[in-house]
Amino acid sequence: MCALPFYLDAFWLRIGLFAMAAAIGAVGLSLLSGTAGQLSLGHAFFLAVGAYGYAWLAGEPGPGLPPLLALVLAVLLAGVAGGLFSPVAGRVRGIYLGVATLALVFLGHHVLLTADSVTGGFNGRSVAPLTVGGFSFGDDTDLTVLGVPFGTEERLWYLGLLLFAVTCLTARGMLRGRPGRALVALRDSETAAAVMGVNVARYRSAAFVVSSMYAGLAGALLALGFRRIVPDYFGLALSVDYLAMIVIGGLGSVAGAVAGAAFVTALPLLMTRYAEHLPLVTAPGTAEGGVGPTEAARYLYGAAIVVVLLYAPDGLHGLTRRVRARLKRGRPRTPDPDTTSTTATLPPASAARPKEHTP
């Protein structure tokens, strides 16, 4: 993956960058909904907090902080927003928690449209490029590596790859440690978890805070990739997209969340590019009758959700695991040469000398 920017053009790098940003947010939602068993429809709200938090903290109008500091503060701001909502998450569960988080999306969208001084209103606002130690991740400076010009997409590719690797490794370590076992116990039975000494309210709230911080980081990375953010992007449809990611990939699985994020993110972009070659799909901006590429992509992964729920409830990750296990069972076993040689040198049972009687 480190070598891809030297061979792919900007379109494919942009797809990969958006897929890595979506994977970070999907892993956070998988920790919350797949591992802890808490339904959340407000993931788009925390994505917006991270995106607009970075844009305001690092830009003008705004404090104009160093971009790296603004990125860290934007992630922490998303965690604070999740912490403020965590008392509700600690006491409400099921569909009631889903409705409560759904209110966050509508409330956040209203604030984004009305707080013009911070968000820019309906037209949105531009995003300042990230700079670290004098190195800019934008295209304001010329950079050539091994004869390949490195623009914004090439530079952000490595930033997204680094953040993606760190967040996925952190999530895997969390799931394999005590917090992960506690969250799984909460999902299976809160009564049994409480009997085993798990603080139910604290762990439910902590899962919401961690998921919000993952979403904030994903939102900030998306803002850097878009370079301009608008409120309409962070609506209910985005929250549904993230739910589709973790359902298609497999609930509670880091690898499954990554696979689902790549599928849901890349499908509409690919259909937009190749709309002229697809039946019943019209290119954006044309007046011909048909289905737009975004709507067609949602129909397709909506159908994928139905197929997954019917035939593979554990998602793509579980399906891959079962296929690997079946292929492993179907391989012919080769005899161990050491065992074979040892067995061949043993004398037959009939030729064995009887044990002498000891007087």
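Residues numbered from 1 in each chain as written. Predicted model: local features only at pLDDT ≥ 70, side-chain atom pairs only at ≥ 80, totals over all residues. Heavy atoms only, no water.

1. Considerations on the packing of helix α1 (residues 10-35) against helix α9 (residues 200-226)
Convention followed: All axes here are fitted lines through C-alpha atoms, helices being fitted over the stretch that makes contact, and every angle between N-to-C directions spans 0 to 180 degrees. We count a stretch as a helix when DSSP gives it H or I for four or more residues in a row; a strand needs E for two or more, and each element gets its number in order from the N terminus. Each angle receives one of four descriptions, namely roughly parallel if under 35 degrees, roughly antiparallel if over 145, roughly perpendicular if within 65 to 115, and oblique otherwise. Residues count as neighbours in contact if any of their non-hydrogen atoms are within 4.5 Å of one another. Charged residues are taken to be Asp, Glu, Lys and Arg, nonpolar residues to be Ala, Val, Leu, Ile, Met, Phe, Trp, Tyr, Cys and Pro, and polar residues to be all remaining types, Gly included.
α9 packs onto α1 with a crossing angle of 170° between their chain directions and a minimal axis gap of 8 Å. In terms of their interaxial angle, α1 and α9 are classed as roughly antiparallel. Residues Leu 17, Phe 18, Ala 21, Ile 24, Gly 25, Val 27, Gly 28, Leu 29, Leu 31 and Leu 32 of α1 pack against Ala 207, Phe 208, Val 210, Ser 211, Tyr 214, Leu 217, Ala 218, Leu 221, Leu 222, Gly 225 and Phe 226 of α9. A breakdown of the residues in the contact of α1 with α9 according to their chemical character gives 17 nonpolar, four polar and no charged.

2. Digging into the layout of surface pockets
Put simply, the test is: Here a cavity denotes a set of grid points, spaced 1 Å apart and computed over the protein atoms alone, in which a 1.4 Å probe fits but from which it cannot get out, and a pocket denotes an open set meeting protein on both sides within 12 Å along at least five of seven lines; residues with an atom within 4 Å of a point are reported as lining. Grid points are joined across faces, edges and corners, and a volume is the space filled by probe spheres set on the points.
Reported here for the largest pocket is a volume of approximately 480 Å³. The wall of the largest pocket is formed by 23 residues, among which Tyr 233, Asp 241, Thr 265, Pro 268 and Arg 298 lie closest to the centre. When contributions to the lining of the largest pocket are tallied by element, the ones reaching two or more residues are α1, α9, α10 (236-249), α11 (254-273) and α12 (293-311). Each residue belonging to the lining of the largest pocket can be placed in one class, and the counts come to 16 nonpolar, four polar and three charged. As a volume, the second largest pocket reaches approximately 320 Å³. Along its surface, the second largest pocket is lined by 18 residues, and Val 49, Tyr 52, Leu 77, Val 111 and Leu 112 are the ones closest to its centre. Going through the elements one at a time, α2 (43-58), α3 (67-91), α4 (95-114) and α5 (116-119) are the ones with two or more residues in the lining of the second largest pocket.

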